[in-house]
Amino acid sequence: MPAELTVPRECTFDPDDWRIIARYWYPIALATEVGAAPLGVKLLDQPLVVYRTDDSRTVIANDICPHRGTPLSLGRGDARGITCAYHGFRFGAGGRCVDVPAHPQAKIPSRLHLRTYPAVERYGLIWTCLAADPDTEPDIPTHPHWDDAGFQRINCPWIDIAAFAGRQIEGFLDVAHFGFVHLKSFGNPDNPVVPDYAAAPTPDGFEVEYWSTVGNYPIGVVDRSKPGFQWLRHFRLHVPFTATLVVHFPDEGKLSIMNAASPVSARMTRMFAPICRNFDTDQPEQAVHDFNRIVFEEDRAIVEVQKPENLPLDPRLEVNVPADRSSIAYRRALRGLGLGSFFTA
Ligand code: FES
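Residues numbered from 1 in each chain as written. Predicted model: local features only at pLDDT ≥ 70, side-chain atom pairs only at ≥ 80, totals over all residues. Heavy atoms only, no water.

> Would you take a moment to explain the sheet that holds strand E17 (residues 254-265) for this structure?
The strands making up a sheet associate through hydrogen bonds between their backbones, and the pairing can be parallel or antiparallel. Here seven strands make up an open sheet; going across it, the order is E12-E18-E17-E16-E15-E14-E13 and the pairing antiparallel. Here the strands that pair on one side only, and so sit at the sheet edges, are strand E12 (152-161) and strand E13 (199-202). If you compare each strand with its neighbour and ignore which way they point, the axes differ by 20° on average. Two elements, strand E16 (residues 242-248) and E17, share seven bridges in a ladder whose sense is antiparallel. Bridge assignment links Leu245 to a residue of E17, and that residue is Ile257. Across the face of the sheet, helix H4 (residues 285-303) comes into contact with E12, E17 and strand E18 (268-277) while running at roughly 30° to E12. (Pairing = 2+ DSSP bridges. Helix = DSSP H or I, 4+ residues; strand = E, 2+ residues; numbered from the N terminus. Axes fitted to C-alpha atoms, helices over the stretch in contact; angles between N-to-C directions. Contact = heavy atoms within 4.5 Å.)

> I would appreciate a short explanation of the sheet that holds strand E6 (residues 81-83) in the present structure.
Taken in spatial order, the four strands line up as E5-E6-E7-E8 in an open sheet, and their pairing is antiparallel. Two strands bound the open sheet, and with one partner strand each, they are strand E5 (76-78) and strand E8 (97-99). Both E6 and strand E7 (residues 90-91) contribute to a ladder of two bridges, which runs antiparallel. Looking at the pairing, Thr83 lines up with Arg90 of E7.

> Help me out: how do you make sense of the environment of Gln286 in this one?
Take Gln286: it is sitting in helix H4. With a relative accessible area of 47%, Gln286 lands in the partly exposed category. When the C-alpha positions of Gln286 and Ile154 are compared, they lie 9.2 Å apart, and in sequence the two are 132 residues distant. (Buried < 20%, exposed > 50% of the residue type's maximum accessible area, 1.4 Å probe, protein only.)

> Sorry if this is basic, but what is going on with helix H2 (residues 165-173) here?
Each full turn of the α-helix corresponds to 3.6 residues, which orients residues three or four apart in the same direction. Of all nine residues that make up H2, nine are buried, and the element is covered over most of its length. Within H2 the residues assigned to the buried category are Ala165, Gly166, Arg167, Gln168, Ile169, Glu170, Gly171, Phe172 and Leu173.

> For this particular structure, what's the right way to read the pairing of E18?
Each regular strand shows side chains that alternate between the opposite faces of the sheet. Burial analysis of E18 places nine of its 10 residues in the buried class, the great majority of the element. Of the pairings in the sheet, the one linking E12 to E18 comprises eight bridges and is antiparallel in character. Of the residues in E18, the one forming a bridge with Ile161 is Thr269. Counted between consecutive antiparallel strands, the loop separating E17 from E18 contains two residues.

> When you look at the packing of aromatic side chains in this model, what are you seeing that I'm missing?
How two aromatic rings sit relative to each other is set out by the distance from centre to centre and by the angle between their planes. On inspection of all chains with the given rule, the structure shows 11 aromatic pairs. With a centroid separation of 4.6 Å and 40° between ring planes, the pair formed by Phe249 and Phe279 is classed as tilted. Here Phe279 lies in the loop between E18 and H4 and Phe249 lies in the loop between E16 and E17, a separation of 30 residues in the sequence. Neither Phe249 nor Phe279 differs from the other in exposure class; each is buried. Above the ring of Trp158, the side-chain terminus of Arg270 is found at 3.4 Å from the ring centroid. Cation over ring: Arg277 sits above Phe279, and NZ or CZ is 6.0 Å from the ring centre. (Phe/Tyr/Trp six-rings, centres within 6.5 Å; stacked < 30°, edge-to-face > 60°. Lys NZ or Arg CZ within 6 Å of the ring centre and 35° of its normal.)

> Quick question: what am I supposed to make of the pattern of salt bridges here?
It is possible for side chains of opposite charge to pair when their charged atoms get near one another. Applying the stated rule across the entire model yields 17 salt bridges. Here Asp78 ties to Arg80 by a salt bridge, and the two come within 3.8 Å at their closest N and O atoms. Among the residues examined, Asp78 registers a relative accessible area of 29% and is labelled partly exposed. Of the residues examined, Arg80 reaches a relative accessible area of 55% and is grouped as exposed. A network of salt bridges, in which partner residues are shared, links Arg167, Glu170, Glu318 and Arg331. (Salt bridge = Lys/Arg side-chain N within 4 Å of Asp/Glu carboxyl O.)

Here is the structure:
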């Protein structure tokens with residue numbers, strides 16, 4: 001059974017909805033960001049501190065010192081653990097308090113150990129869950145082709161978006177905005193028509209196979225399309241806030257993108273994007289970082305101004321057209337989790 005859940009102070013979610021989405025796994029940092037020094041992050045309004053100990057284990061704990069409430073991310077770290085900035089208490093492997101400098105010989109009470117959460121490193125990211133069930137395997141979404149031979153793995157820098165994760169994910173799944181929003185990256189304003197497509201349920205959410213003549217190459221570089229070529233975009237949604245997209249290029253080329261939206265709060269999302277591909281594998285990663293940044297900045301300009309800020313799950317609250325089948329399926333999947341009030345207008 002998961003440990004008892006405590007809704008964070010100043011929680012921006014409805015508490016009942018928070019308890020539901022807290023059961024899922026989210027990335028909170030790039031693996032390369034985490035070392036001996038304490039790193040402060042936030043997930044679902046819960047401040048967390050992340051550090052590695054000398055056995056290379058990652059510790060994720062509430063970012064608060066059990067002694068007098070100082071954020072541990074203000075402290076320092078070395079191979080023996082992290083040290084609180086106020087009175088120098090040291091916390092090591094597993095979040096255990098291992099040193100109280102004012103009383104070096106005294107027995108350390110167990111109440112000084114940190115409240116920790118599980119840590120899993122996957123796709124170059126550190127994942128955690130605030131309400132993990134220790135009796136079940138971590139339910140981390142699958143990244144298509146990440147482990148396949150011949151694929152180059154690229155971890156783009158994260159992007160902060162001042163919007164709700166559900167709105168960001170819905171934008172990632174949307175297929176009708178390319179020719180209007182992505183004019184600096186890959187969209188074609190002369191090709192706005194959305195061909196028919198359908199969403200099929202999966203155990204984790206749903207998937208969509210979408211065929212169209214809209215290409216997926218950066219504007220200004222070599223056009224990879226061939227006469228008559230139809231681009232296949234294969235979307236998969238893993239509830240609540242992770243989606244993957246495999247774009248099929250000519251000559252068996254594949255570009256696989258994970259959009260892992262980490263809900264910092266109901267109004268802030270940290271977007272992680274591990275990407276892999278089996279073409280241009282000798283090309284520098286920086287060009288992929290730059291292109292990814294352009295695409296997601298284009299999306300951000302829309303997502304940050306949508307109203308209501310949350311995603312209305314009641315289909316009567318916004319108007320739908322056939323091109324919206326993905327977002328209709330997404331909202332249905334979220335309703336299926338039991339989510340309710342904080343998504344409504
Ligand atoms: Fe952290 Fe006292 S507040 S050691």
